[in-house]
Amino acid sequence: MSDHDVKDLGLAPAGNKRILWADRNMPVLASIRERFDKEKPLEGTRLSACLHVTAETANLMRTLNAGGADTLLCASNPLSTQDDVAASLVQDFDIKTFSVNGEDNDTYYAHIKAAIEHMPQITFDDGADLVSLLHSDYSDQIPEVKCSMEETTTGVIRLEAMKNAGALKIPVVAVNDADSKHLFDNRYGTGQSTVDGIIRATDILLAGKTFVVGGYGMCGRGLASRARGMGAHVVVTEVDPLRALEAAMDGFDVMSMTEAADIGDIFCTVTGNTTVLEKRHFEKMKDGAVAKQVDADGNPVGESEDQRKARVAQESVAALAESERADEQLSLIHISEPTRLGMMSYA
């Protein structure tokens, strides 16, 4: 097996700069890496990680390598990979990396298979794709895996379902339950990155827009706060009455998604659950409304049947915006699935 599959190793110098820049703002990880480099607590351990291939993740992999681990990294999301970072991990840090921005579904799973065929004793996951494939197609390797780590809410939900069905055969640490994860990363990181992603994709001015947040967990709290900070009128929909009350006492309007669909300009689901938005909601939305799936996996924008009835363009939002015509039917700028951006026109 090759030790990497990245877009272009020539991108490594730019990726190295990006990794070291991120490292300046990760002092705790840097201190752990310094200790790991001396103590080598992971000496001889094979480790496979299915995570976002970004500069921040690169510094995590550097730290695990410093601890003596034989590490391999593949992407948990085909669209988040920073190709220059992937190249630098291979070229500058000798870390096996399998990730190309925009890779198709077959390549995505081929890379996860490469991670499993690394024969890991410890795995890291973001969305539970690696662990799920391990259980379904590589069950003979399960006895060799000591434990796994799951980073995100949606992955924990999938693993809880496996556990309840008696299908989960390895211990998994739910990293998402750590205070430092859900109190800070979920709330502040997800809030900022979601607003940033919407602005980059659409060039929409948020001030004065009605911004609908589906769910008021830690990610929802952070997103609602950031959207309000940008001048948006924020509406929260939440099925848990205590969280709904909290949102109201935090100063947000709280209503059902059915009511919010009439007035919203931007809709973001932040729950990890399915069918938060359904066709009946889309049919009530304004022409040109934006829908964004913030969840890492699953299908909270419940369209599996509707997508077969819709025209989905596999292009960038910018190109789609240029192609939109006044005589087309109701359109929705749809940024939902992690692997796709599309413009949908309902019949």
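> Account for the overall build of the chain, naming residues and giving values.
Regarding its fold elements, the chain presents 13 helices and 15 strands. Buried residues in the chain amount to 50% of all 347 residues. Residue pairs at least 24 apart in sequence account for 68% of intrachain contacts in the chain once pairs closer than 6 positions are excluded. In the form shown here, the chain has an accessible surface area of approximately 16,100 Å², with 51% of it arising from carbon and sulfur atoms.

> Got a sec to walk through the sheet that holds strand S5 (residues 122-125)? Specific residues and values, please.
If you walk across this open sheet you meet the 7 strands as S1-S4-S3-S2-S5-S6-S7, and the pairing is parallel. The strands lining the two open edges of the sheet, one partner per strand, are strand S1 (4-5) and strand S7 (172-174). Judged from the 3 bridges that link them, strand S6 (residues 147-150) and S7 form a sheet pairing that is parallel. Bridge pairing links Glu150 to Ala174 in S7.

> Please give an account of helix H5 (residues 105-116) that cites residues and values.
Its 12 residues give H5 an end-to-end C-alpha distance of 17 Å, which sits within 8% of 16 Å, the value for a rise of 1.5 Å per residue. Turning to H5, its buried residues number three or more, namely Tyr108, His111, Ile112, Ala114, Ala115 and Ile116. Tucked into the core, H5 has its buried residues touching S1, strand S2 (46-51), strand S3 (70-75), strand S4 (96-98) and helix H6 (129-137). With a side-chain oxygen lying 3.3 Å from the backbone nitrogen of Asp106, the N-terminal cap of H5 falls on Asp104.

> Tell me what's going on with the packing of aromatic side chains, and back it up with residues and numbers.
Throughout the structure, instances matching the rule amount to 3 aromatic pairs. When the centroid spacing of 6.0 Å and the interplanar angle of 65° are considered together, the rings of Tyr216 and Phe252 count as edge-to-face. Taken as a pair, Tyr216 in the loop between strand S8 (210-214) and helix H9 (218-229) and Phe252 in the loop between helix H10 (241-249) and strand S10 (253-254) lie far apart in primary sequence, 36 residues in all. The class of Tyr216 is buried, set by a relative accessible area of 2%. A relative accessible area of 5% places Phe252 in the buried class.

> Describe the pairing of strand S11 (residues 266-269), naming the residues involved and giving the relevant values.
Because side chains alternate across S11, one face comprises the buried residues Ile266 and Cys268, and the other comprises Phe267 and Thr269, equally buried. Relative to S11, S8 runs parallel, the two being bridged by 4 bridges. Opposite Gly214, over in S11, you have Thr269 as the bridge partner. Relative to strand S12 (residues 289-293), S11 runs parallel, the two being bridged by 4 bridges. Paired with Ile266 across the bridge in S12 is Val290.

> Pulling in residues and values, what's your account of the packing of helix H1 (residues 12-23) against helix H4 (residues 83-91)?
Between H1 and H4, whose axes approach to 7 Å, the crossing angle comes to 95°. The angle between H1 and H4 places the two elements in the roughly perpendicular class. Two secondary-structure elements touch here, H1 through Ala12, Ala14, Gly15, Asn16, Arg18 and Ile19 and H4 through Asp84, Val85, Ala87, Ser88 and Gln91. When its residues are assigned to classes, the contact of H1 with H4 shows 5 nonpolar, 4 polar and 2 charged.

> Give a detailed account of the pattern of salt bridges, specifying residues and quantitative values.
Applying the stated criterion across every chain, the model contains 14 salt bridges. Note that Asp84 and Arg18 form a salt bridge whose closest N and O atoms lie 3.1 Å from each other. Placement of the pair is Asp84 in helix H4 and Arg18 in helix H1, with a sequence separation of 66 residues. Close ionic contact of Asp23 with Arg33 constitutes a salt bridge, the shortest N to O distance being 2.8 Å. Pair noted here: Asp23 is in helix H1 and Arg33 is in helix H2 (residues 27-39), with a separation of 10 residues, a long-range link. Residue Asp23 is classed as buried on the basis of its relative accessible area of 16%. When salt bridges with common partners are traced through the structure, they connect Asp23, Arg33 and Arg62 into a single cluster.

> Give a description of the side chain of His111 that names residues and reports values.
Looking at the element boundaries, His111 is found in helix H5. Excluding residues within four positions of it along the chain, His111 makes contact with Asp5, Cys74, Phe98, Ser99, Val100 and Glu103.

> I'd like to hear about the confidence of the model for the chain, residue by residue, with values.
Put simply, the chain has an average pLDDT of 86, and 84% of its residues get 70 or more. Confidence drops under pLDDT 50 across residues 336-347; counting only partners more than four residues distant or on other chains, this segment forms 58 contacts.

> An account of the side chain of Asp83 is requested, with residue identities and associated values reported.
With respect to the helices and strands, the residue Asp83 is situated in helix H4. One buried charged residue, Asp83, forms no salt bridge at all, with the nearest opposite charge on Lys7 at 4.2 Å.

The rules behind the values
Residues numbered from 1 in each chain as written. Predicted model: local features only at pLDDT ≥ 70, side-chain atom pairs only at ≥ 80, totals over all residues. Heavy atoms only, no water. Helix = DSSP H or I, 4+ residues; strand = E, 2+ residues; numbered from the N terminus. Buried < 20%, exposed > 50% of the residue type's maximum accessible area, 1.4 Å probe, protein only. Contact = heavy atoms within 4.5 Å. Areas by Shrake-Rupley, 256 points an atom, 1.4 Å probe, with all protein chains shown as cover. Pairing = 2+ DSSP bridges. Expected span 1.5 Å × (residues − 1). Polar contact = N/O pair within 3.5 Å; in protein donor to acceptor, adjacent residues only side chain to side chain. Phe/Tyr/Trp six-rings, centres within 6.5 Å; stacked < 30°, edge-to-face > 60°. Axes fitted to C-alpha atoms, helices over the stretch in contact; angles between N-to-C directions. Parallel < 35°, antiparallel > 145°, perpendicular 65-115°, else oblique. Nonpolar A, V, L, I, M, F, W, Y, C, P; charged D, E, K, R; others polar. Salt bridge = Lys/Arg side-chain N within 4 Å of Asp/Glu carboxyl O. pLDDT = per-residue confidence, 0-100. Lys, Arg positive; Asp, Glu negative; His and termini not counted.

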